[in-house]
Amino acid sequence: MRAISGVRLAAELRHQSVLIARDPGPLIGYTLMAVLLATATRPLYAALHQLTSRQAASGTDQACAGMAVMFSLFALKVAAAHVLNERTWHTWDRLRSSPAGFSEILAGKALPIFAAIALQQAVLFGFAALAFGLHPHAGWGILAICALAWSGCVLLLGIGASTLARSPGQLSAAGDIFALLTTILAGALAPVALLPGWLHRLAPVSPGYWALKAYNAALTASPAALARPLAMLALFGLAGIGLAAVIAARARLRSWISRQDLLPSGRPAQ
Amino acid sequence: MLEASGLTKRFGNTVALAGFDLTAGAGEIVGLVGHNGAGKTTFARVLVGLVIPDSGAALLDGINVTRFCSPARPMIGLAPQELALYPTATARENLLLFAGLYGIPRRRARRRVGELADALLLTDVLNRRVRELSGGQQRRLQTATAMVHEPPLLLLDEPTVGADPITRDALLAVVRKAADEGAAVVYTTHYLPELEVLDATLAVANGGRVIARGNRAELLSRVPGRAIIEFDRPPGRLQGSGSGSEQMQVDGHRLTITAPNPAASVAPLLTRNPEATAHLQTIELHPPTLDDLYRDLVSA
């Protein structure tokens with residue numbers, strides 16, 4: 001493994017930040033939509049909360065947590081698009097043929113996207129605090145940990161998705177379906193308890209389900225309830241990056257197999 | 001500097017490299033010519049570690065890049081055939097990224113970007129986004145990204161596509177200067193006259209291997225040229241020059257001589273045919289060109 005160079009990493013971080021800044025529309029759009037929908041759905045969540053728990057609530061916690069999950073999932077497409085662009089622009093091979101190692105390239109691309117997704121959530125919760133007096137029960141620090149964990153999970157899933165997609169159109173369609181399905185299973189649109197039975201049983205396979213559980217723990221419960229959801233988010237993130245690694249390794253494996261086929265004796269080439 | 005020997009690579013049933021040999025010394029520009037699919041691009045991808053060859057070796061300053069590409073990568077500047085730039089970033093941002101990737105500190109990188117932009121006539125567009133640049137400007141920018149870290153080996157794959165004569169001259173001058181400063185350059189092109197401007201040696205690739213390699217004069221001497229002599233009436237039956245190395249073809253008032261050195265055949269031929277010489281109108285000499293050489297080698 002090549003050593004990470006400060007000059008190289010700084011150049012990649014700077015460049016990726018420029019690329020995000022040059023095309024901020026999707027991230028700004030998803031952030032504004034999250035803020036607007038959280039505002040509009042507060043009364044709905046308050047009513048739902050009263051219906052399911054028979055206790056009065058402002059609905060702000062549920063609305064903000066739900067929208068944070070939903071629109072971060074849409075931002076997953078942004079993460080995936082930035083990786084996919086490297087392929088469509090043919091720059092991925094340029095990066096690979098440079099002295100930068102794979103981990104360095106990935107870090108250079110991922111960190112600014114991660115910061116952008118985390119910022120999206122910071123704006124949403126910051127707005128809710130100023131406009132509706134949102135105050136996380138477990139403290140802002142714990143909420144920040146949830147937001148960072150979920151942002152990291154979304155980013156790694158996005159990198160995994162980008163290795164599967166063959167074109168921006170395919171990525172966009174698959175990303176929308178995945179985001180909506182995950183949002184529904186998370187209970188971000190309607191509480192999981194109110195979903196049809198089969199969806200209810202499927203809910204834990206959604207990373208959004210665990211993200212919402214983490215946010216709910218930070219907003220309304222105690223840090224102790226966070227451990228399992230955060231562990232699950234880490235697992236989903238690992239699955240995303242694992243998928244990317246497997247697909248990247250597959251190309252090398254294919255090359256290796258074709259090399260064996262050429263040799264009549266089956267011995268590796270010298 | 002670069003010594004590649006016996007490189008082979010298959011992609012399924014397609015043979016991309018079939019024993020590709022090429023050497024390039026420091027300060028040498030090797031003009032690598034060949035039609036699409038001749039193995040030029042795969043060869044470049046092998047050198048930077050993007051493709052693992054099935055067999056063979058490529059040594060760069062003694063390092064076998066097919067096994068240890070990491071230490072060799074900083075020594076190579078690659079400008080691939082297809083454009084590989086960030087269209088939403090500016091030309092300057094693209095150059096600074098590639099400078100950074102090769103470990104050049106920011107301040108030095110800025111200075112180098114300025115120098116290259118001046119030399120490649122890109123100064124006016126440095127702050128424009130790549131997608132707003134013309135095809136020729138993008139191509140020059142791509143070449144600049146390969147040269148920004150002043151590598152000892154430059155792999156330039158058709159860098160002048162879409163360039164007008166002025167910018168082409170500028171680009172060729174920059175490449176020549178890099179070679180004069182000691183870089184080995186493998187320069188792929190379909191515009192063979194560029195190789196004369198660059199004073200390049202020649203490598204002709206076909207079917208995944210190099211079928212001819214040497215300096216231009218030596219290779220050109222293997223290919224016949226032509227002399228076309230016009231008379232004011234059909235020249236009739238003519239005696240040859242006596243060297244026996246030429247072919248003569250009469251078509252109406254025109255005589256075409258095909259010979260390794262057609263100029264050397266003309267004078268003796270005219271001396272031996274005074275009757276025809278009395279009716280001489282014009283003589284046109286067509287020495288063999290690189291295009292002729294290429295056609296000759298590939299068709300053979």
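You'll find the structure just up there.
Source: prediction; values computed, not measured.

A. Structural detail: the pairing of strand 2 (residues 14-24) of chain B. Bridge count for strand 1 (residues 2-11) of chain B against strand 2 of chain B is eight bridges, and the pairing is antiparallel. Each bridged residue has a counterpart across the sheet, and for Thr8(B) the counterpart in strand 2 of chain B is Ala18(B).

B. Fine view of the pattern of salt bridges. Counted according to the given criterion, the structure contains 17 salt bridges over all chains. A salt bridge links Glu86(A) to Lys109(A), with the shortest nitrogen-to-oxygen separation between them at 2.6 Å. Of this pair, Glu86(A) sits in helix 3 (residues 60-88) while Lys109(A) sits in helix 5 (residues 102-132), and the two are 23 residues apart along the sequence. Assessed through its relative accessible area of 8%, Lys109(A) is described here as buried. Linked by salt bridges that have partners in common, Asp93(A), Arg96(A) and Arg45(B) make up one network.

C. Spotlight on the side chain of Thr31(A). Checked against the element boundaries, Thr31(A) lands in helix 2 (residues 25-53). Excluding anything up to four places from it in sequence, Thr31(A) contacts Gln120(A) and Val123(A).

D. Structural context of the environment of Leu143(A). Residues and elements named next belong to chain A. One can find leucine 143 in helix 6 (residues 140-164). Look at leucine 143 and you get buried, because its relative accessible area is 3%. Residues leucine 143 and phenylalanine 125 lie 18 residues apart in sequence; the distance between their C-alpha atoms is 9.2 Å. The residues contacting leucine 143, other than those within four sequence positions of it, are Phe125, Pro136, Tyr215, Ala218 and Leu219.

About the thresholds
- Residues numbered from 1 in each chain as written.
- Chains lettered and ligands numbered in written order.
- Predicted model: local features only at pLDDT ≥ 70, side-chain atom pairs only at ≥ 80, totals over all residues.
- Heavy atoms only, no water.
- Pairing = 2+ DSSP bridges.
- Helix = DSSP H or I, 4+ residues; strand = E, 2+ residues; numbered from the N terminus.
- Salt bridge = Lys/Arg side-chain N within 4 Å of Asp/Glu carboxyl O.
- Buried < 20%, exposed > 50% of the residue type's maximum accessible area, 1.4 Å probe, protein only.
- Contact = heavy atoms within 4.5 Å.

Everything listed here is a matter of geometry and, on its own, says nothing about what the molecule does.
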